[in-house]
Amino acid sequence: MDKKSKMQSEKVIEAHYGRVLGIAPLDRHATNASGEDGTVPVTEPWGGTEGTLAPPADTGEDLASSPHILTMYWSLSVSVFAVGGMVSSFTVGWIGDRLGRVKAMLVVNVLSIVGNLLMGLAKFGPSHMLIIAGRAITGLYCGLSSGLVPMYVSEVSPTALRGALGTLHQLAIVTGILISQVLGLDFLLGNDELWPLLLGLSGVAALLQFFLLLLCPESPRYLYIKLGKVEEAKKSLKRLRGNCDPMKEIAEMEKEKQEAASEKKVSIRQLFTSLKYRQAVIVALMVQISQQFSGINAIFYYSTNIFERAGVDQPVYATIGVGVVNTVFTVISVFLVEKAGRRSLFLAGLMGMLISAVAMTVGLALLSQFAWMSYVSMVAIFLFVIFFEVGPGPIPWFIVAELFSQGPRPAAIAVAGFCNWACNFIVGMCFQYIADLCGPYVFVIFAALLLVFFLFAYLKVPETKGKSFEEIAAVFRRKKFLAKAMTELEDLQSSEKA
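What counts, and at which threshold
- Residues numbered from 1 in each chain as written.
- Predicted model: local features only at pLDDT ≥ 70, side-chain atom pairs only at ≥ 80, totals over all residues.
- Heavy atoms only, no water.
- Axes fitted to C-alpha atoms, helices over the stretch in contact; angles between N-to-C directions.
- Helix = DSSP H or I, 4+ residues; strand = E, 2+ residues; numbered from the N terminus.
- Parallel < 35°, antiparallel > 145°, perpendicular 65-115°, else oblique.
- Left-handed = near helix turned anticlockwise from the far one by under 90°.
- Contact = heavy atoms within 4.5 Å.
- Nonpolar A, V, L, I, M, F, W, Y, C, P; charged D, E, K, R; others polar.
- Phe/Tyr/Trp six-rings, centres within 6.5 Å; stacked < 30°, edge-to-face > 60°.
- Buried < 20%, exposed > 50% of the residue type's maximum accessible area, 1.4 Å probe, protein only.
- Lys NZ or Arg CZ within 6 Å of the ring centre and 35° of its normal.
- Polar contact = N/O pair within 3.5 Å; in protein donor to acceptor, adjacent residues only side chain to side chain.
- Patch = residues over 30% accessible without salt bridge, like charges linked within 9 Å, V, L, I, M, F, W, Y side chains within 5 Å.
- Areas by Shrake-Rupley, 256 points an atom, 1.4 Å probe, with all protein chains shown as cover.
- Salt bridge = Lys/Arg side-chain N within 4 Å of Asp/Glu carboxyl O.
- Core = buried A, V, L, I, M, F, W, Y, C linked by side-chain atoms within 4.5 Å.

Participant: How would you explain the packing of helix H16 (residues 342-365) against helix H17 (residues 373-390) if you had to name every residue and give the values?
Facilitator: Direction vectors running N to C along H16 and H17 enclose 165°, while the axes themselves pass 8 Å from each other. One way to sum up the angle between H16 and H17 is to call them roughly antiparallel. The interaxial crossing formed by H16 with H17 has left-handed handedness. Contact with H16, carried on its side by Leu-345, Ala-348, Gly-349, Gly-352, Met-353, Ser-356, Ala-357, Ala-359, Met-360, Val-362, Gly-363 and Leu-364, involves Met-373, Val-376, Ser-377, Ala-380, Ile-381, Leu-383, Phe-384, Phe-387, Phe-388 and Val-390 of H17 and no other residues of that element. In the contact of H16 with H17, the residues fall into 17 nonpolar, five polar and no charged.

Okay, here's the thing in structure tokens:
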């Protein structure tokens, strides 16, 4: 279940946790959760009307600690997903090379099916343990698939469409988020009877993907460069491109293969120790950090509250509206990325988010003095999401695969994936505390970070649109040469002055 869609069903699942653990769940969203008579309002397990539950015999420390125990289990249920992603992301390169891109994606789908099955059956056992286990296994799956999918797409795509097809990965993610937001409404699946179905529904998508992958050809680059199977690579290209001469792409692969042969297989350690890859690795890591630390999670955290204060009768529907905008502009970015280029869209997205974060801060800070500031905040929410999906949302998922040739690519994707999941975990664990400490000024922190990310992207991130992997590598070599020349010039000037 995604962070953005958990609001509807969180209370329902926490209430079920409480019943399984024998804890009376407190309504932490109310001003005074327990009534003056010491009773605690709950939802009956059979989905009946709201009633009261007599407090436990020890109404002191046990009752006071109840919400903390539930919060601990809920936090673990949420964060273990990112931990699973962090762990499995390091094995992306190994499993991708060992099994091949398509077979690897087929195998890891089993993790998704098992994880979602555990969550779907959570109501019939110790729900907290089944959900935590299911989330951990699903996290392992997502850590692998978030690396394997961009790797496969980048290798099968023609150069002219590589960015557009790479953006489809982000489109699939935001479409899933939107569907989960809608299905999470209390009159659909976000209720006491059907929440296990909501949690386990992703397993159906994994099952469908399993059968669809059987129709997909293996990556021709993997077949030619990694395995040396020339004829199979040609057949794969013909299946992907139709009736066209594959020799031009084969020649490009041959050049890449020769370079890969000269540099041998690149390990994660070599990726960091070799000067040859240093600039590309720094760029790959920074685009992942900029995606997760951009403040997009903060926007969704505050959105429902802002819509409420703006007088929206059903703020949950306004939040779903943000999800719709999220999806629509990801579709638009599919068409923009090959026209405007990766670098231009990434810079435009970061600058737009920076301006929106400043507007959000002003709107939230002055909300108590001017009621109309809530509308400023509402507009800032939509603009922030739009600019995120134009650049910083989709581009980090596929640009890493473009920055590296066949040799170092699996290791680079593994490292970038780990960085993304680690940042995801840090944001999930720390944001609540920072938000409580800073209040509406939390967006000042994100604005400052966005400025740093913009300056870095402006100075370091190359344009990869329409370039072969060899041409992109040449860009980094030129930058390295220029940096070395500038250093030598500065040393010479210093010695002359001395």
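Next comes the rest of the write-up.
Participant: Let's hear about the packing of aromatic side chains: which residues, and what values?
Facilitator: The geometry of an aromatic ring pair is captured by the separation of the ring centres together with the interplanar angle, meaning the angle of the planes. Counted under the stated rule, the structure contains five aromatic pairs. Here Phe-210 and Phe-211 contribute two aromatic rings whose centre-to-centre distance is 5.6 Å and whose plane-to-plane angle is 85°, an arrangement assigned as edge-to-face. Here Phe-210 falls in the partly exposed class, since its relative accessible area comes to 27%. Of the residues examined, Phe-211 reaches a relative accessible area of 51% and is grouped as exposed. With 6.2 Å between their ring centres and 55° between their planes, Phe-443 and Phe-446 make a pair best called tilted. Taken together, the positions of Phe-443 and Phe-446, both in helix H20 (residues 442-460) and three residues apart, correspond to about one turn of that helix. For the pair formed by Phe-443 and Phe-446, the shared burial category is buried. Taking NZ or CZ as reference, Lys-257 lies 5.2 Å from the ring centre of Tyr-224, over its face.

Participant: How would you summarise the side chain of Ser-333 if you had to cite specific residues and measurements?
Facilitator: Turning to its location among the elements, Ser-333 is positioned in helix H15 (residues 315-340). On the basis of relative accessible area, Ser-333 is assigned to the buried category, the value being 2%. A polar atom in the side chain of Ser-333 sits 3.5 Å from the backbone oxygen of Glu-389. Those residues within four positions of Ser-333 in sequence are excluded, and the remaining contacts are Thr-167, Glu-389, Val-390 and Pro-394.

Participant: Go over a nonpolar patch on the surface, please, and point to the residues and values.
Facilitator: Together, Val-182, Phe-187, Leu-188 and Tyr-317 make up an exposed nonpolar region whose accessible area comes to about 350 Å². Take Tyr-317: it is sitting in helix H15. On the basis of relative accessibility, which here comes to 39%, the residue Tyr-317 falls in the partly exposed class.

Participant: Mind laying out the nonpolar core, listing which residues take part and the relevant values?
Facilitator: If you look at the biggest cluster of nonpolar residues, it comprises 90 residues, and the most contacted ones within it are Leu-148, Leu-271, Met-360, Val-400, Phe-404, Phe-443 and Leu-450. It is helix H19 (residues 409-438) that provides the largest number of residues to this core, a total of twelve residues. Ignoring anything within four residues of it in the chain, the contact list for Leu-450 reads Ser-294, Leu-350, Met-353, Leu-354, Ala-357 and Phe-384. In this structure, Val-80, Met-119, Trp-195 and Leu-199 belong to the second largest nonpolar core, which totals 13 residues.

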